[in-house]
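# Remarks on the overall topology
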Amino acid sequence: MSATSSDTRPPEQAERPPSGIGGLVGLGTAVAVLVAGGLTALTGSRPIENLGLPDPGTLTTIGLPAVRAAGEVAAVLTIGFLLLAAFFVPPRPNGYLDVPGYRGLRAASWAAAAWAACALLLVPLTAADAVGRPVGQVLDPSLLLSLIPQLSDSLSWLLTAIVALLVLVATRVVLTWGWTVVAFGLALAGPLPVALTGHSASGGAHDVATNSLVLHVLAASVWVGGLVAVLSLAAHRDTDVLGVAVRRFSRVALWCWVVLAATGVINALIRVPLPDLVGTTYGALLLGKTVALLALGGLGALHRRHTVDAAGRGERRALLRLGGVEVLLMLATIGLAVALGRSAPPATAAAPPSRTEVVIGYDLDGPPTLARLVFDWRFDLLLGTAAVLLAVLYLLGVRRLRRRGDAWPVGRTIAWLAGCAVFLVATSSGVGKYAPAMFSAHMAMHMMLSMVVPILLVLGGPITLALRAIPVAGRGNPPGPREWILAAVHSPVARFVTHPLFALPVFVGSYYALYFSDLFAWALNEHWAHVAMNVHFLLAGLIFFWPIIGVDPAPRRLNHVVKLGVLFLSVPFHAFFGVALMGADQVIGGDFYRSLALPWVTDPLVDQRLGGGITWASGEVPLLIVLVALLVQWSRHDERSARRDDRRADADGDADLKAYNAMLRRLARGEAPSGASSEISEISSEAAAPDERRPEGTPVRAPASVAEDVEPGRSPSDELRQG
């Protein structure tokens, strides 16, 4: 990760401070802090004030949103500068960051330090706000340590601080492009703990609200931070790479705005009825945020019309002027969003939510009949959207190949689309809707995600399609999607996770680790844990089946015998897990399922045994399909090898066969060369020239007592192995 030699040491000019951008960021941060703290003071709202807790004091009431606004500004700056270093500027030919990338990395390190400091400050501030005590009293170490595990907000900010500190360390030691990408991915995980445990994670429809908030926060972080980073690039007069960076950011910004608008509307409709948008504090703040988002969309349109092409020609003034206004508005909107998060949604006259709605986010209309499982859908904003996007991107790749006259196997397209369809059904149909409330439905979704979907996806050959459809970035340009895919496939991480000694234990061992411990019972109460389990099931299946039957070349090539052995080794573990569930006499997560009190689940143990039967039955059929596919691929591989040997024999006149027969003939005469080199030279010379004592084309045969000639099309190594 780090380097000490002179050719990899970053140049000194990379440490120059950005001219003007530092002042712009400082002003924007001050605006965000004033907006967050000022609006909170004016509205006087606290999300938990209705619980009757005492006022924690002005320092906590005003300081909490102010520090949070500063922390969120630091978070988006960290993400934005890492985005610039990883994807918007080219690295050196040896893989190390060049001056613009290294400068972005250093800026990210300073922002990460501020992010970590604000997150650590928010731990006692949120604890004081939650218990209604002055922050000075909460700073007692013993009291604070006892409160953090019980308060989700404080724990979330502690996790955020840990992620920020890890990013800080990474940005101080990393010098290569590949590890910068890893640091960027780690930074994207920083905002997730708070987004997954905020006020959107409680109450009715919290599954949709939380998923939409996660997408909202990530899109805002990439958009705002990316713009500041691109303006920093322009301020440093890096005109040779500015054009590519601006064009790439323009495309990213457009999609971020679309995601922000869509998720903002979804979250607003869940929290506020349309009549309450007028006349309530929450509605007024929400309308203000909407106006700001529309204004930012208009500024983005002006950028694409006036500054993108100009930046490609090296003209920076319009970009800096318009971008500066956009940054100030963006950071002010962050302060507005913090104040909105401190305000409780208006109370409605609707009936209080049921126990089922509070726990899983929605009510269930009745028992899971076949009609409900097929037609009663609840779209998953995260995984359902991923399934649709995977299908659309694949079809776009196929269309690009066909437009330029290249063929793509129809069977691969069918397999991929079928995998995406099963992915969508598992997460968004009635199966996915009932999965959080019933163990049997959960196991049905589990088996679809870990067994069926990965098998179909790896048979679709998406990596091969992407490498053929996506153009090369070109010399002097930052790595593009094609280079990202190649780097990921050939990375040490990919080789490690696809090793059978890792993939097999993860694939079969996670069943036992999750369900036969307290982990599953704990995860049932958390929406984010459900999402994490589903992602784990899918990834575990992908890393297991990709090296076995995947159409794409895997990072680690396995012999067909090894593939068959790994597959057979997984069968008994999988079957025993299903049998163990059917024979268990204790309910896994029984307290959770009994608390739901679903009238059609009178005995959770019976439902659990049904889930075990589904696991056992549905697991064996996909494995049989994999076995058939593996045997077919094995047979085709042998056929291709035979044809390849025949073509080589036709091209060189069976030179290998002639050399081998010449060696057998010399052995039959009892002649032994003095050394290996002389034997090779003599055999090669005899194979190259026809035997003068035989008519040309007559095969050379050794006596039957030594060996028979090798048949054309077979290699000498095959004959030696046979006998």
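Residues numbered from 1 in each chain as written. Predicted model: local features only at pLDDT ≥ 70, side-chain atom pairs only at ≥ 80, totals over all residues. Heavy atoms only, no water.

### With respect to the overall build of the chain
Helices and strands together make up the secondary structure of the chain, namely 31 helices and zero strands. When the 723 residues of the chain are sorted by exposure, 48% land in the buried category. Within the chain, contacts between residues at least 6 apart in sequence are counted, and of these 79% link residues at least 24 apart. Of the roughly 33900 Å² of accessible surface on the chain, a fraction of 65% belongs to carbon and sulfur atoms. (Helix = DSSP H or I, 4+ residues; strand = E, 2+ residues; numbered from the N terminus. Buried < 20%, exposed > 50% of the residue type's maximum accessible area, 1.4 Å probe, protein only. Contact = heavy atoms within 4.5 Å. Areas by Shrake-Rupley, 256 points an atom, 1.4 Å probe, with all protein chains shown as cover.)

### Digging into the packing of aromatic side chains
Going through the model one piece at a time under the given rule, you end up with 20 aromatic pairs. With a centroid separation of 6.1 Å and an interplanar angle of 55°, the aromatic rings of Phe507 and Tyr511 are classed as tilted. Taken together, the positions of Phe507 and Tyr511, both in helix α23 (residues 500-515) and four residues apart, correspond to about one turn of that helix. Each member of the pair Phe507 and Tyr511 is classed as buried. Here the aromatic rings of Phe516 and Phe577 are separated by 5.6 Å at their centres, their planes lie at 50°, and the arrangement is tilted. Highlighted residues: Phe516 in the loop between α23 and α24 (519-523) and Phe577 in helix α26 (residues 560-583), separated in sequence by 61 residues. (Phe/Tyr/Trp six-rings, centres within 6.5 Å; stacked < 30°, edge-to-face > 60°.)

### Looking at the nonpolar core
Within the largest apolar cluster, 71 residues are counted, with the highest numbers of intra-cluster contacts made by Tyr515, Phe520, Phe545 and Ile549. With 13 residues, the single largest contributor to this core is helix α19 (residues 439-458). The next biggest cluster of nonpolar side chains, apart from the first, holds 66 residues, and it includes Ile21, Val163, Val230 and Leu233. (Core = buried A, V, L, I, M, F, W, Y, C linked by side-chain atoms within 4.5 Å.)

### Describing the confidence of the model for the chain
Chain-level statistics for the chain give a pLDDT mean of 81 and a share of 82% at 70 or above. Within the model, the stretch residues 11-18 combines pLDDT values under 50 with 14 contacts to residues more than four positions away or in other chains. Confidence drops under a pLDDT of 50 for residues 673-723, and excluding neighbours within four residues, the segment shows 48 contacts in the predicted structure. (pLDDT = per-residue confidence, 0-100.)

### Side note on a nonpolar patch on the surface
On the surface, Phe379, Val388, Leu389, Val392, Leu393 and Leu396 cluster together into a nonpolar patch covering about 520 Å² of accessible area. Looking at where Leu396 falls in the secondary structure, it is placed in helix α16 (residues 383-403). Here Leu396 falls in the partly exposed class, since its relative accessible area comes to 40%. (Patch = residues over 30% accessible without salt bridge, like charges linked within 9 Å, V, L, I, M, F, W, Y side chains within 5 Å. Salt bridge = Lys/Arg side-chain N within 4 Å of Asp/Glu carboxyl O.)

### Points about helix α7 (residues 177-188)
Each α-helix turn comprises 3.6 residues. Residues three or four places apart therefore point the same way. Compared with an ideal rise of 1.5 Å per residue, which puts twelve residues at 16 Å, α7 spans 17 Å between its outermost C-alpha atoms and is within 8% of the ideal. Regarding α7, the residues found buried are Trp177, Thr180, Ala183, Phe184 and Ala187. For α7, the angular spread of the buried residues around the axis is 105°, confining them to a single face. (Expected span 1.5 Å × (residues − 1). Arc of directions from axis to C-beta.)

### Some details on the packing of helix α3 (residues 99-131) against helix α6 (residues 152-173)
At a closest axis distance of 8 Å, the pairing of α3 and α6 adopts a crossing angle of 160°. Between α3 and α6, the interaxial angle falls into the category roughly antiparallel. Between α3 and α6 lies a crossing of left-handed hand. Broken down by class, the residue content of the contact of α3 with α6 amounts to 18 nonpolar, five polar and three charged. (Axes fitted to C-alpha atoms, helices over the stretch in contact; angles between N-to-C directions. Parallel < 35°, antiparallel > 145°, perpendicular 65-115°, else oblique. Left-handed = near helix turned anticlockwise from the far one by under 90°. Nonpolar A, V, L, I, M, F, W, Y, C, P; charged D, E, K, R; others polar.)

### Quick notes on the side chain of Asn534
Summarising the element assignment, Asn534 is placed in helix α25 (residues 527-549). Asn534 gets classed as buried once you look at its relative accessible area, which sits at 9%. In contact with Asn534, other than residues within four places in its own chain, are Leu383, Met445 and Leu449.

### A closer look at the pattern of salt bridges
For the coordinates displayed, the defined rule picks out six salt bridges. Between Glu72 and Arg68 there is a salt bridge; the shortest N-O distance is 2.9 Å. Note that Glu72 and Arg68 are positioned in helix α2 (residues 58-88) at a spacing of four residues, about one turn of the helix. Among the residues examined, Glu72 registers a relative accessible area of 23% and is labelled partly exposed. Judged by its relative accessible area of 26%, Arg68 is partly exposed. Among the salt bridges present, the one from Lys433 reaches Asp376, with a minimum N-O distance of 3.0 Å. Remark: Asp376 occurs in the loop between α15 (370-375) and α16 and Lys433 occurs in helix α18 (residues 430-434); sequence separation between them is 57 residues. Comparing Lys433 with Asp376, the two get one shared label, buried.

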